[in-house]
Amino acid sequence: MSSCNSLKRVGKNKHLLTKNSILVNDTLVKNETLTNLIYQKPNKKLLKTPLRLFIYNLARPNIDSLINSKIYENPKKLERKTKFLSRKQVDKLAESKRGFNAWLKKMGEAPVIVNDSLSEKSLKLLRSYYWNNGWFNVTLDYDTKKDSNQRAKTTYKITTGKPYILDSLNSDIKTAAVDSIYQLHKSKSFLKKGQQYRTANILNEKKRITDLMRNNGVFHFSQDYFLFAMDTFGINNHTNVDMKITNRSKRSGDSTITEPFKIYKIKDVNIYTNSSFESRNQSYTDTTSFNGYKIYSQGKLKYKPKALTNSVFITPNTIFKDKNRPLTSRKISDLKTFKYPRIEYIENIDTTLTTNIYLNPYKKWSLGFSTEITQSNIQTIGFSLIPSLKVRNLFRGAETLELSGFTSIGASKDAANNRDDFFDINELGVNLKLNIPRFLFPFNTERIIPKSMFPATKITLATTSQTNVGLDKQTFSGVFNYTWYPNNNVTNRLDVFNIQYVKNLNTSNYFNVYQNSFNTLNSLAQSNGYVSAGTNLEIPSEANQFLADVTSNSYAVNNEDFLTINAIDERKERLTEDNLIIASNFNYVKDKRESISDNAFSIFRFKLETAGNLASLLAKPLNLKKNENNNYELFKVGFSQYVKTEIDYIKYWSFGNKNTIAIRSFFGIAIPFGNASSIPFSKSFFAGGANDNRAWTAYNLGPGSLNSNNEFNEANLKLTLSAEQRFNIFGALNGALFLDAGNIWNVLDDVAQEEATFNSFSSLKDIAIGSGFGFRYDFDFFILRLDIGFKTYDPSYQNKNRWFNDYNFSKAVYNIGINYPF
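No experiment lies behind these values; they were computed from the predicted model shown.

Conventions and cut-offs
- Residues numbered from 1 in each chain as written.
- Predicted model: local features only at pLDDT ≥ 70, side-chain atom pairs only at ≥ 80, totals over all residues.
- Heavy atoms only, no water.
- Helix = DSSP H or I, 4+ residues; strand = E, 2+ residues; numbered from the N terminus.
- Expected span 1.5 Å × (residues − 1).
- Buried < 20%, exposed > 50% of the residue type's maximum accessible area, 1.4 Å probe, protein only.
- Phe/Tyr/Trp six-rings, centres within 6.5 Å; stacked < 30°, edge-to-face > 60°.
- Lys NZ or Arg CZ within 6 Å of the ring centre and 35° of its normal.
- Patch = residues over 30% accessible without salt bridge, like charges linked within 9 Å, V, L, I, M, F, W, Y side chains within 5 Å.
- Areas by Shrake-Rupley, 256 points an atom, 1.4 Å probe, with all protein chains shown as cover.
- Salt bridge = Lys/Arg side-chain N within 4 Å of Asp/Glu carboxyl O.
- Lys, Arg positive; Asp, Glu negative; His and termini not counted.
- Charge placed at Lys NZ, Arg CZ, Asp CG, Glu CD.
- Pairing = 2+ DSSP bridges.
- Axes fitted to C-alpha atoms, helices over the stretch in contact; angles between N-to-C directions.
- Contact = heavy atoms within 4.5 Å.
- 1 Å grid on protein atoms, 1.4 Å probe; cavity = no way out; pocket = protein on both sides within 12 Å on 5 of 7 lines; lining within 4 Å.
- Points joined across faces, edges and corners; volume = space filled by probe spheres on them.
- Nonpolar A, V, L, I, M, F, W, Y, C, P; charged D, E, K, R; others polar.
- Parallel < 35°, antiparallel > 145°, perpendicular 65-115°, else oblique.
- Left-handed = near helix turned anticlockwise from the far one by under 90°.

The next subject is helix 8 (residues 199–214). Over its 16 residues, helix 8 extends 23 Å from the first C-alpha to the last, a length consistent with the 22 Å expected when each residue adds 1.5 Å. Burial in helix 8 covers these residues: T199, N201, I202, E205, K206, R208, I209, T210, L212, M213 and R214.

For the rest of this paragraph, the subject is the packing of aromatic side chains. Scanning the model with the defined rule gives 54 aromatic pairs in all. Pairing Y129 with Y130 gives two aromatic rings, centres 5.2 Å apart and planes at 85 degrees, and the pair type is edge-to-face. Using a relative accessible area of 26% as the deciding quantity, one classes Y129 as partly exposed. Positioned above the aromatic ring of Y820 is the side chain of R726, whose terminal nitrogen or guanidinium carbon lies 4.1 Å from the ring centre. Lying across the ring of F822, R726 places its NZ or CZ 5.4 Å from the centre.

Before going further, it helps to examine a positive patch on the surface. Residues K8, R60, K70 and K97 make up a contiguous surface patch of positive charge. Tracing the backbone through its elements, the reader meets K97 in helix 5 (residues 87–107).

The mixed open sheet is built from five strands, whose spatial order is 11-12-10-14-13. Either end of the sheet is taken by a strand with one partner, and the two such strands are strand 11 (286–290) and strand 13 (342–347). Averaged over all pairs of adjacent strands, the angle between strand axes in this sheet comes to 20 degrees, irrespective of strand direction. The pairing of strand 10 (residues 265–272) with strand 12 (residues 293–297) spans four bridges and is parallel. Across the sheet, the residue bridging to I271 is I295, located in strand 12.

As a further point, take the environment of R802. In this fold, R802 is placed in the loop between strand 31 (783–793) and strand 32 (803–806). Judged by its relative accessible area of 10%, R802 is buried. The spatial distance from the C-alpha of R802 to the C-alpha of R447 is 58 Å, given a sequence separation of 355 residues. Dropping the residues within four chain positions of it, R802 is found in contact with S705, K765, D766, T792, Y793, D794, P795 and Y797.

On to the pattern of salt bridges. Applying the stated criterion across every chain, the model contains 32 salt bridges. In this structure, K250 and E259 form a salt bridge, with 3.5 Å as the shortest nitrogen-oxygen distance. A residue is classified by how much of its surface remains accessible, and K250, at 29% relative accessible area, is partly exposed. With a shortest N-O distance of 3.4 Å, E609 and K607 are connected by a salt bridge. In this pair, the class of E609 matches that of K607, namely buried. Through salt bridges that share partners, R694, E724, R726, D740, R776, R785 and D787 make up one connected network.

Another aspect to go through is the layout of surface pockets. Space inside the second largest pocket adds up to approximately 1,200 Å³. As for the second largest pocket, its lining consists of 28 residues, of which E32, T35, P42, K45 and N657 are closest to the centre. Mapped onto the lining of the second largest pocket, the elements with two or more residues apiece are strand 1 (16–24), strand 2 (27–29), helix 1 (32–35) and strand 28 (717–730). For the lining of the second largest pocket, the element with the most residues is strand 1, which contributes five residues. Of the residues assigned to the lining of the second largest pocket, the class counts are 10 nonpolar, 10 polar and eight charged.

Strand order in the open sheet made by the four strands is 2-1-4-3, with mixed pairing throughout. Every interior strand has two partners, whereas the edge strands, strand 2 and strand 3 (139–146), have only one. Put simply, the sheet's adjacent strands are angled 30 degrees from each other on average, direction ignored. Relative to strand 2, strand 1 runs antiparallel, the two sharing three bridges. What sits directly across from V24, in strand 2, is T27.

Turning next to the packing of helix 12 (residues 515–527) against helix 13 (residues 541–551). Orientation of helix 12 relative to helix 13, taken along the N-to-C sense of each, is 65 degrees, at an axis distance of 11 Å. In terms of orientation, helix 12 and helix 13 fall into the roughly perpendicular class. Helix 13 is crossed by helix 12, and the crossing has left-handed handedness. Each of F518, L521, L524 and A525 in helix 12 lies in contact with helix 13, whose residues at this interface are A543, F546 and L547. Of the residues assigned to the contact of helix 12 with helix 13, the class counts are seven nonpolar, no polar and no charged.

On to unusual backbone geometry. Trans peptide bonds make up the majority, and among non-glycine residues the majority have a negative phi. Cis rather than trans, the peptide bond between I539 and P540 has omega equal to 5 degrees. Relative to the assigned elements, P540 resides in the loop between helix 12 and helix 13. That bond from G702 to P703 is cis: its omega, -5 degrees, falls within 30 degrees of zero. Along the polypeptide, P703 turns up in the loop between strand 27 (660–672) and strand 28. Of note, R396 is a non-glycine position whose phi angle comes to about 70 degrees, a positive value. With respect to the secondary-structure elements, R396 resides in the loop between strand 16 (379–392) and strand 17 (400–412). Take R396: its relative accessible area is 36%, and that puts it in the partly exposed class.

Spelled out as structure tokens, the structure:
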């Protein structure tokens, strides 16, 4: 209880800082930028309580002397403890007390004691801030009011005066070539007449001009050659800015001389393909010239010259451009064939540069091996073996082949499985990826997509086979795609072909897998007298026969039961049918995030996918046969045909002190047509889960207002809106308040249930709303997240009240996730 006394660790005649105030021109302001410039801030509070201060107060300031006086300096007590435990255990107990005391101090927060010298330092920072933003005549002071209860409040008083405005920018550039380049690009200056003076604009202008010169051949240029001077005049608070760029300074013997800057060109570019430490003493015996580049190798060259030069942006007989060095380093690293390269420029006497690029290759072959132990809702325990092989420079063009496989065995939880074998589940798979660091295309695409966009081609083939897992699927997939980056923020990906084939080998196990559907069907069979009360339908024979009898009108039931049974039958047919998807899609991502710590950015994603159009176009020429549903079949499977689009937008706003508001909006729709009346399960949308509407578990929301008990609810239209406020509680522990809204619906497909379909804008009343709070612990390299979601507006109540019916902890959904939901 004594730790809850805020003044417990505040010394005599000292005062605890409880509040800072900032008055700007006699107006109270709450500005995060200004607040961060103040050295001393009151102890942080949670729900108006200085919790961390209380934790700190629990720690003993003199723990060592306390332990010594109570244990080691008391011989009788030490003897008793040593007899009861042991001397080693007594020492460990004392060490654990010291450790716990240190932990309390680390987790807590020491009381902030008023310090006038720190307040003076705060004034200096505030004065610097205002001066650097154009208020040259700013005056500042502070006033600390101390009360008799050892508490104090500090008020910072700022009078800004009028800001200074840029009147003109004058340049004095000694080197004519530098001045010429500057004048050509002067319109892009950060300094404009009529704008308020800001030192940041001066610094940005220095960087702009430095980059401009360094990328236009001025090899020796740097920010050291700038001199900015300001001339304030008159009473109108205007200032002239004079920019001076001197000539180059260089050493000549013991003295320094100046001379005009010179424009440098790249003369030679030498690429050394074996520059590892182990081979440093070996000579280069193979030399190749290609497009002006010289390539050196120890022994026979193992790479196609074009593959190497294609990754180099530094071109012989061109003007020196500093930006080409990082571009070259990044491109070579992306090959995954070489380690990070070393690039050096050597200055020649004729104002040219020789570029040496040293490459350190990885080993051609690398073998990986890993194992996994898993547990899930379908298996008690599972063991997996995952070997992998990577082959670099496969065709001498820096291609990378990755071949991996996996095999697993597990013990099933399936109650219908009567085998005696403990490990009755097995799964096999093989995955092959070929990465090509250029476009694999019939003609040259350099003019359309230059190598500065880092074009790449990936070919992927994969196959899996399952036994006693669900419906025992066999799958095959193949992808041929292009990726390129128009700029640092945009990623484009085009899947020319994305083929997926799924074959279900054990469809008779459907009702063992989807128990909820079977329970509903079995209950209807009993209530309609198809089987006697207390007798269950046999799986699969009687269950399938009951479906066939009802849907063919051979067995009469009331209309409501008929619709329910028909929906179960349609869902069963859809989930047990084999799928063949021959798709093409385009993905566009614009990510304005500047770094992993950036909390003020936006991300826009767009995807367009079409499937089955080519197969449909060739159906008649290839004389493809139709199945009983009047759909064309390819390899005895009715291929899917649809168009699908997704739009995803994320926006972050930062308010400082780890206080962030984030929103996400998502819209997706997949429309079947032509050879299909529904969307394959793998291409449909679901709602709920740790990264969606967190008041519902994954696949448990929707479609629409349908009160479904299916294990996996999915549909072909989805709308999601989420908002979240994130804030720091203390240390690495952060909190969040969130609101999620959205749902899935069926539209323009073969689902006829009124509650599940989107018919008009009136269907938006079925948008589900969840709200809640969460805790996130930041481990630096990942974030562990717990979100608790409450059903705020539940459309499954249909014509009843939908608000706050299950808004309690017993009906809440507890989501555990890694990193943020969006």
